[in-house]
Amino acid sequence: MWSNAAVDVPDGELMRRLARGERDALRPLMERHHRRVYRIALAYLRNPDDALDVVQETFVRAFEHAGRWHSGTEVGPWLTRIAVNQAIDRYRREKRRRETMEPLEPGDHQERLGDGAASPEQQAHGRELGARIARALKALPERQRAVFVLRHYEERSLEEIASALGIRLGTVKSSLHRATHELRRRLQGVWA
Amino acid sequence: MSLRGLLHERWRTRVTLLASGCLEGPERERTLAHLEACPTCRREHDEVRALVAAVAQDPARTAEPPVALPFLVTRVEAHLDAVVRSRPWRWGWLAAGIAIGLLAAPIAVRLVERQRAAEAPPAPAIAMDEAALRRLERVLAREQAVRYLAEAENVLVNLKAHPRPCPSEHAHVELEEEVLRSRELVARRALLVDLEGDALMPARDVLVDVDNVLREVAALQSCSRRDELERLRREMDERRLLMKVRLLSRELLS
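Residues numbered from 1 in each chain as written. Chains lettered and ligands numbered in written order. Predicted model: local features only at pLDDT ≥ 70, side-chain atom pairs only at ≥ 80, totals over all residues.

**A look at the overall build of chain B**
What chain B contains, in helices and strands, is ten helices and two strands. In chain B, the order of α-helices and β-strands from amino to carboxyl end is α-α-α-α-α-α-β-α-α-β-α-α. A total of 254 residues make up chain B; the buried ones form 23% of that total. (Helix = DSSP H or I, 4+ residues; strand = E, 2+ residues; numbered from the N terminus. Buried ≥ 20, exposed ≤ 12 C-beta atoms within 10 Å, placed from the backbone.)

**Examining the overall build of chain A**
Each helix and strand in chain A was counted, giving nine helices and zero strands. Helices (α) and strands (β) of chain A occur, in sequence order from the N terminus, as α-α-α-α-α-α-α-α-α. Here chain A holds 192 residues, and 42% of them are scored as buried.

**Some points on the interface of chain A and chain B**
Of the residues lining the interface, 49 residues belong to chain A; the matching set on chain B comes to 42 residues. Within the residue set of the side of chain A that touches chain B, elements represented by two or more residues are α2 (26–45), α3 (48–64), α4 (75–97), α6 (120–138), α7 (142–152) and α9 (169–186) of chain A. For the side of chain A that touches chain B, the element with the highest residue contribution is α2 of chain A, accounting for ten residues. Its residues assigned to classes, the side of chain A that touches chain B shows 24 nonpolar, ten polar and 15 charged. (Contact = placed C-beta atoms within 7 Å. Nonpolar A, V, L, I, M, F, W, Y, C, P; charged D, E, K, R; others polar.)

**A short note on the environment of R147 of chain B**
All names here are of chain B. Structurally, R147 can be placed in helix α6 (residues 130–160). Classification of R147 as buried rests on a count of 21 C-beta atoms within 10 Å. Remark: the alpha-carbon pair of R147 and F71, spanning 76 residues in sequence, is separated by 9.7 Å.

**Notes on unusual backbone geometry**
Within the chain, R46 of chain A stands out as a residue other than glycine whose phi angle is a positive 60 degrees. Considering the arrangement of structural elements, one finds R46 of chain A in the loop between α2 and α3. On the basis of neighbour counts, which here come to 22 C-beta atoms within 10 Å, the residue R46 of chain A falls in the buried class. Look at R240 of chain B: it is not a glycine, yet its phi comes out positive at around 50 degrees. Position of R240 of chain B among the secondary structure elements: in the loop between α9 (226–239) and α10 (241–253).

**Topic: the nonpolar core**
I40, A41, Y44, V55, A83 and A87 of chain A are the most contacted members of the largest nonpolar core, which has 62 residues in total. With eleven residues, α2 of chain A is the single largest residue contributor to this core. Discounting residues that sit within four places of it in the chain, V55 of chain A has contacts with H34, V37, Y38 and A41 of chain A together with P65 and L72 of chain B. Residues A78, L185, L207 and L242 of chain B belong to the second largest nonpolar core, which totals 29 residues. (Core = buried A, V, L, I, M, F, W, Y, C linked by C-beta atoms within 7 Å.)

**Let's talk about helix α8 (residues 158–165) of chain A**
Residues spaced three or four apart along an α-helix point in a common direction, a consequence of the helix completing one turn every 3.6 residues. Residue and element names in this part refer to chain A. Of the residues making up α8, those classed as buried are I161, A164 and L165. Along the axis of α8, the buried positions cluster into a sector of 85 degrees, meaning they face one direction only. Positioned one or two residues after α8, G166 has a phi angle of 65 degrees, which is positive. (Arc of directions from axis to C-beta.)

**With respect to the packing of α6 of chain B against helix α8 (residues 204–218) of chain B**
Residues and elements named next belong to chain B. The contact between α6 and α8 brings their axes to 11 Å, and the two run at 50 degrees. The angle between α6 and α8 falls in the class oblique. Along this stretch, α6 crosses α8, giving a crossing that reads as left-handed. Listed contacts from α8 to A145, L149, A152, V155, L156 and L159 of α6 are L207, V210, V213, L214 and V217. (Axes fitted to C-alpha atoms, helices over the stretch in contact; angles between N-to-C directions. Parallel < 35°, antiparallel > 145°, perpendicular 65-115°, else oblique. Left-handed = near helix turned anticlockwise from the far one by under 90°.)

**With respect to the confidence of the model for chain A**
Per-chain confidence: chain A averages 83 in pLDDT, with 80% of residues scoring 70 or above. Contacts from residues 1–5 of chain A, a stretch scored under 50 in pLDDT, to residues over four places away or in other chains number three contacts. (pLDDT = per-residue confidence, 0-100.)

**Some details on the confidence of the model for chain B**
A low pLDDT score tells you not to read the predicted coordinates there in detail. Model confidence for chain B is summarised by a mean pLDDT of 80, while 86% of its residues fall at 70 or above. Model confidence for the complex is summarised by a pTM of 0.57, with the ipTM given as 0.78.

**Focus on the environment of K138 of chain A**
Mapped onto the secondary structure, K138 of chain A falls in helix α6. Along the sequence, K138 of chain A and Y44 of chain A sit 94 residues apart, while their C-alpha atoms lie 7.9 Å from each other.

**With respect to helix α3 (residues 39–56) of chain B**
Residues and elements named next belong to chain B. An ideal rise of 1.5 Å per residue puts 26 Å on 18 residues; α3 measures up with 26 Å between its terminal C-alpha atoms. Turning to α3, its buried residues are E44, H45, V48, L51 and V55. In a view along the axis of α3, the buried residues occupy a sector of 125 degrees, so they form one face of it. Seen from the buried face of α3, the exposed residues on the opposite side, beyond 90 degrees, are P39, R43, A53 and A56. (Expected span 1.5 Å × (residues − 1).)

**Topic: the environment of Y44 of chain A**
All names here are of chain A. Secondary-structure assignment places Y44 in helix α2. Note: C-alpha distance between Y44 and L137 (93 residues apart in sequence) is 7.7 Å. If we ignore the near neighbours within four places in the chain, the residues touching Y44 are A87, Y91, R145, A146 and V149.

**Remarks on the packing of α8 of chain A against α9 of chain A**
Two measures define how a pair of helices packs: the angle their axes make with one another and the distance between the axes. Residues and elements named next belong to chain A. The interhelical angle for the contact between α8 and α9, taken along N-to-C directions, is 105 degrees, at an axis separation of 9 Å. Between α8 and α9, the angle is such that the two are roughly perpendicular. Together, L158, E159, I161 and A162 of α8 and L169, V172 and K173 of α9 make up the contact between the two elements.

Here it is in structure tokens:
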């Protein structure tokens, strides 16, 4: 279905095309980055529907703000920064509307977090683990959660996290320590 | 906290960074040496390593998006279309384009007639498989319905959020954007979604529900009474409309 001609086009060229308003460049860019953006959003928000919305908003913003992208910077971290900010914004909005929001079917999103290739036992274990981690992550303050997700789900270096979140390196270190300490306390027994 | 306690707190941060794979060079060596001498930090290091290993098994790390890439691309493009349509100056250009088109049409028709008269044999008609045509129409109808639902969903989600209060009137809320977008969607619905067609027959009930709610929103004032909004929200909740819209969009693209 997708045009193979765009497969070898570098990210930077796709960004320049987006900046010129060429929508065709969206598809190959999304093809390369949408899974990563989805996983960041899912790790942060723990809800597949919200994560999909973040993917949509991230690429809408990438298109609208492509002109602000500097050719010297990598596209991946630039998209990560947009995605994290979108996830934080969405989390804040969800927090405000939670009381009125119609819940999805119970357990709806958790069912889809399991690995389809795993055995039923592994899937059940994965779901339970995922649910416990989700609860523990949700209890963290926004910044600590973002730092932890970028380190342990996206495997970004501390410097990259500082750049993505626009905070100092020392703050990243202390946030990661606090987040880890709190998760360790909340997830006590998961690995026993 | 004592000086000894403060120093130890620093080591704890380094131990976390070490167990998280973030320390390198001399700092890493110093922290490893500290672990040799400090059983408390060693235990903490082991626990953080265990936490990191548990997080590595979280299904969210390897989760695939629940919908295919074409659906996501369609959503992004639909959103960009909606943004473009909502810009009034674009409407101005569109109106100008239509006016120019209307003026130029009679001239174009005459030119085409002259050219046809000059051409010797008429071109053979392209044979079109009837079944393929029907499939194409069906796919197009579904894609348009998904775009319509994506835009409608944005309006419905905004209605469920806490809107800003109107500065001038007590117990009123600001709904200008939702009202305008609903009016636009109601006006375009007949063009985008054919409720009587076969392609969307199974989706008809949800599409009618969505249309009804959008019509109610379109009839509101930009600054509406809060209880009117609450009534709409209850109606949406009773019908579980947002969930149905999301499920239907996936169904249509599957």
